[in-house]
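Here is what each chain is made of, one letter per residue.
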Amino acid sequence: FQPPIPAIFNIPAYSFLWQSFKPYMGDRDNLSEIPQRSPDYQNIVWIVDCSVNGDFISINNTELYTTPFLQSINDKMINRGVVSSITNCSATTNIFLLGLGKGSQIPDRNESLLKSPNIFTYAKKAGFNTAYLSAQSKNRKLHNFMTRHDLEDLDNFHQPLTQSERSPVLADIELAQHVKTYLTHHDSSFIYVLKSGVHFPWDNNYPQKYSSVDSIK
């Protein structure tokens, strides 16, 4: 029996527990599965936003008109619709995506998301070139529980290097240019795109010439 922790001690108690926890940082398991057929798509661009509801994008909500450009090319892409966030924390959500987690793995007491083959390993096995293009973190500093072992199946890795790439106002605009440049020079690729997203205060996350009522391409 464990008595409940008084509310005033919740944050320091969980902070202490988190600081004392050391996640697995070793190599991942080998992938034994073999693709049974050739890929259905020439390129797969997996865009992961941060702190933005999918139903605020008009390709997922016909009552809004926020992304007219995406609507204009709707017939050229596969839209799987809105997916709920896996957790309420960016780091754990991203490692769930990278580790190809399943709902039955929550809570992940065995740290299988850190040990099982990641999504880049599967993409390489399927014959894709692999790229991780991020507007978060900087230089070669890894985050979201990624380790140096996750880089072994990556052909291209990018995190912000310049001042404008690190700016919350311009980060996603700069990232979009990196994605465009990559696709211009590479084909048959799986690209994991991690946006900077929108965080409080909201007005600091996009150029001031745009407003909340304007259409944003």
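For the structure itself, look to the data block above.
Residues numbered from 1 in each chain as written. Predicted model: local features only at pLDDT ≥ 70, side-chain atom pairs only at ≥ 80, totals over all residues. Heavy atoms only, no water.

Mind showing me how you'd approach helix α7 (residues 171-185) here?
Given 3.6 residues per helical turn, the α-helix brings residues three or four places apart onto the same face. With 15 residues, α7 extends 22 Å from end C-alpha to end C-alpha; this agrees with the ideal 21 Å at 1.5 Å per step. Taken together, the buried positions of α7 are A171, L175, V179 and Y182. Around the axis of α7, the buried residues are gathered within 75° of arc, so they sit on the same side. Residues of α7 that are exposed and angled more than 90 degrees away from the buried face: K180, T184 and H185. (Helix = DSSP H or I, 4+ residues; strand = E, 2+ residues; numbered from the N terminus. Expected span 1.5 Å × (residues − 1). Buried < 20%, exposed > 50% of the residue type's maximum accessible area, 1.4 Å probe, protein only. Arc of directions from axis to C-beta.)

Looking at this model, I keep getting lost on the sheet that holds strand β1 (residues 44-48). Mind explaining?
What the four strands build is an open sheet, ordered β1-β4-β2-β3; its pairing is parallel. Looking at which strands have only one partner, the edges of the open sheet turn out to be β1 and β3 (156-158). For this sheet the average axis-to-axis angle between neighbouring strands, irrespective of direction, equals 10°. Relative to strand β4 (residues 189-194), β1 runs parallel, the two being bridged by five bridges. Looking at β4, one finds that V48 is bridged to L194. Where helix α3 (residues 90-98) meets the sheet, its contacts fall on β1 and β4, and the angle it forms with β4 comes to roughly 175°. Lying on the sheet, α7 is in contact with β1, β2 (129-134), β3 and β4; it crosses β2 at an angle near 165°. (Pairing = 2+ DSSP bridges. Axes fitted to C-alpha atoms, helices over the stretch in contact; angles between N-to-C directions. Contact = heavy atoms within 4.5 Å.)

Would you take a moment to explain the pairing of β2 for this structure?
Within a regular beta strand, the side chains point alternately toward one face of the sheet and then the other, so they alternate between its two faces. Across the six residues of β2, five count as buried, placing the element largely inside the fold. One ladder, built from six bridges, connects β2 with β4; its direction is parallel. Bridge pairing in β4 links T130 to F190. Sheet topology note: the β2/β3 ladder contains three bridges and is parallel. Paired with L133 across the bridge in β3 is H158.

On their own, these measurements won't tell you what the molecule is for.
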